[in-house]
Amino acid sequence: LQIPSSGITLLEGPGRFGKEVRAVVQNWSALLLSQGHAVHWIDGGHRFDPSKFFPAMRSMNCSIEEGLRRLYIGRGFTLHQLHALIVRVRHELALTKASIIVIDGMLAMFLDEQIKRFESRSILRHCLVSLEDLARFCPVIILDGRTTTPLHQQLKHTMRPYLSQHLKGQWENQKHRRLRFTTDEQQYLVDIGSKRTQDMQQRFEGITS
């Protein structure tokens, strides 16, 4: 499963808002960081943990301190904050020359019951237009999970015209943490729970940046 080279990719997992597939994008990001590239990671689900990057970075002989200097984190605690971060990253990209932009848990922010549906879809379209512009310079990865509500389904439908690729992950073997990703043309089998990865994760669990 290769890092997308351009466009907007929706990486969809079997859990809530892309929890399971995050490991795939963390490995992609670690690979780019180990090669001296910059990565933008926008957290829309209040769940970013830098220590999750450590095992992959160490396995690639990447200095954690040096790598994290090229990892640019933005946290949106409300839908409007997330929207502002997505708009702002266009200007930041001109300085960082990042090789990938990750939007983690983006649709979770649009399901806030205090936001009117019309306003939610309007902001989503504006975000997608901004991301579509960004995707001309580097690939954009949006993480999401199984559909939870009719509104969630509507939001996914709104996203479709903007997507270059939609990779949908389902458990091939949940016990052994193997995911099967499918597109219209291909299938990929990804092991996200190898013994070595689990051992290294436990070793670095308590470390924070």
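Scope of this entry: the structure provided in the associated data block. What you see is a predicted model; the values in this text were computed from it and never measured.

**Observations regarding the packing of helix α6 (residues 117-134) against helix α7 (residues 150-159)**
When two helices pack together, their arrangement is captured by the angle between the axes and the distance separating the axes.
Piece 1. One way to put it is that α6 packs onto α7 with a least axis distance of 10 Å and a crossing angle of 30°. Between α6 and α7, the interaxial angle falls into the category roughly parallel. Handedness of the crossing formed by α6 with α7: right-handed. On α7, the residues touching Arg-117, Ser-120, Arg-121, Leu-124, Arg-125 and Leu-128 of α6 are Leu-151, Gln-154, Leu-155, Thr-158 and Met-159.

**Re unusual backbone geometry**
Piece 1. If you check the backbone angles, Asn-61 has positive phi at about 55° while not being a glycine.
Piece 2. With respect to the element layout, Asn-61 can be found in the loop between α2 (54-59) and α3 (64-69).
Piece 3. The phi dihedral of Lys-97 falls on the positive side, at around 55°, and the residue is not glycine.
Piece 4. Take Lys-97: it is sitting in the loop between α4 (79-96) and β4 (100-104).

**Description of the packing of aromatic side chains**
Think of a pair of aromatic rings as described by two things: how far the centres are apart, and how the planes are tilted against each other in angle.
Piece 1. This structure, assessed with the given rule, holds three aromatic pairs.
Piece 2. Ring geometry for Trp-41 versus Phe-48: centroids 5.9 Å apart, planes at 55°, classification tilted. Here Trp-41 and Phe-48 have matching classes, each one buried.
Piece 3. Judged by centre distance (5.3 Å) and plane angle (80°), the rings of Trp-41 and Phe-53 are edge-to-face. Remark: Phe-53 occurs in the loop between β2 (39-43) and α2 and Trp-41 occurs in strand β2; sequence separation between them is twelve residues.
Piece 4. A residue is classified by how much of its surface remains accessible, and Trp-41, at 1% relative accessible area, is buried.
Piece 5. Clustering of aromatic rings is evident, with ring pairs tying together Trp-41, Phe-48 and Phe-53.

**Topic: the nonpolar core**
Piece 1. Counting residues in hydrophobic clusters, the biggest one holds 35 residues, and the most contacted among them are Ile-103, Met-106, Phe-110, Leu-131, Val-140 and Ile-142.
Piece 2. Taken together, the elements giving at least two residues each to this core come down to β1 (8-12), α4, β4, α5 (106-109), α6, β5 (140-144) and α7.
Piece 3. Excluding residues that lie within four positions of it along the chain, Met-106 makes contacts with Leu-82, Ile-86, Leu-124, Leu-128, Leu-131, Ile-142 and Leu-143.
Piece 4. Among the nonpolar cores identified, the runner-up in size contains 28 residues, and Phe-54, Ala-56, Ile-141 and Leu-179 belong to it.

**So, the pattern of salt bridges**
Any two side chains of opposite charge can pair, given that their charged atoms come close.
Piece 1. Scanning the entire structure with this criterion turns up nine salt bridges.
Piece 2. As a salt-bridge pair, Asp-104 and Arg-22 come within 3.0 Å of each other at their nearest N and O atoms. Placement of Asp-104 in strand β4 and of Arg-22 in helix α1 (residues 22-34) is noted, with a sequence separation of 82 residues between them.
Piece 3. Given the relative accessible area of 13%, Arg-22 is considered buried.
Piece 4. Here Arg-75 makes a salt bridge to Asp-43, at a shortest N to O gap of 3.7 Å. Linking Arg-75 in strand β3 (residues 71-75) with Asp-43 in strand β2, this pair joins segments that are 32 residues apart in sequence.
Piece 5. Salt bridges here are not isolated pairs; linked through shared partners, they connect Glu-12, Asp-144 and Lys-156.

**Observations regarding the pairing of β5**
Each regular strand carries side chains that alternate between the two faces of the sheet.
Piece 1. The element β5 is extensively covered by neighbouring structure, given that five of its five residues are classed as buried.
Piece 2. Residue alternation in β5 divides its side chains into two sets, Val-140, Ile-142 and Asp-144 and Ile-141 and Leu-143, and both sets are buried.
Piece 3. Relative to β5, β1 is paired through five bridges, and the arrangement is parallel. Bridge pairing in β5 places Thr-9 opposite Ile-141.
Piece 4. The pairing of β4 with β5 spans three bridges and is parallel. Directly across from Ile-103, in β5, lies its bridge partner Ile-142.

The rules behind the values
- Residues numbered from 1 in each chain as written.
- Predicted model: local features only at pLDDT ≥ 70, side-chain atom pairs only at ≥ 80, totals over all residues.
- Heavy atoms only, no water.
- Axes fitted to C-alpha atoms, helices over the stretch in contact; angles between N-to-C directions.
- Helix = DSSP H or I, 4+ residues; strand = E, 2+ residues; numbered from the N terminus.
- Parallel < 35°, antiparallel > 145°, perpendicular 65-115°, else oblique.
- Left-handed = near helix turned anticlockwise from the far one by under 90°.
- Contact = heavy atoms within 4.5 Å.
- Phe/Tyr/Trp six-rings, centres within 6.5 Å; stacked < 30°, edge-to-face > 60°.
- Buried < 20%, exposed > 50% of the residue type's maximum accessible area, 1.4 Å probe, protein only.
- Core = buried A, V, L, I, M, F, W, Y, C linked by side-chain atoms within 4.5 Å.
- Salt bridge = Lys/Arg side-chain N within 4 Å of Asp/Glu carboxyl O.
- Pairing = 2+ DSSP bridges.

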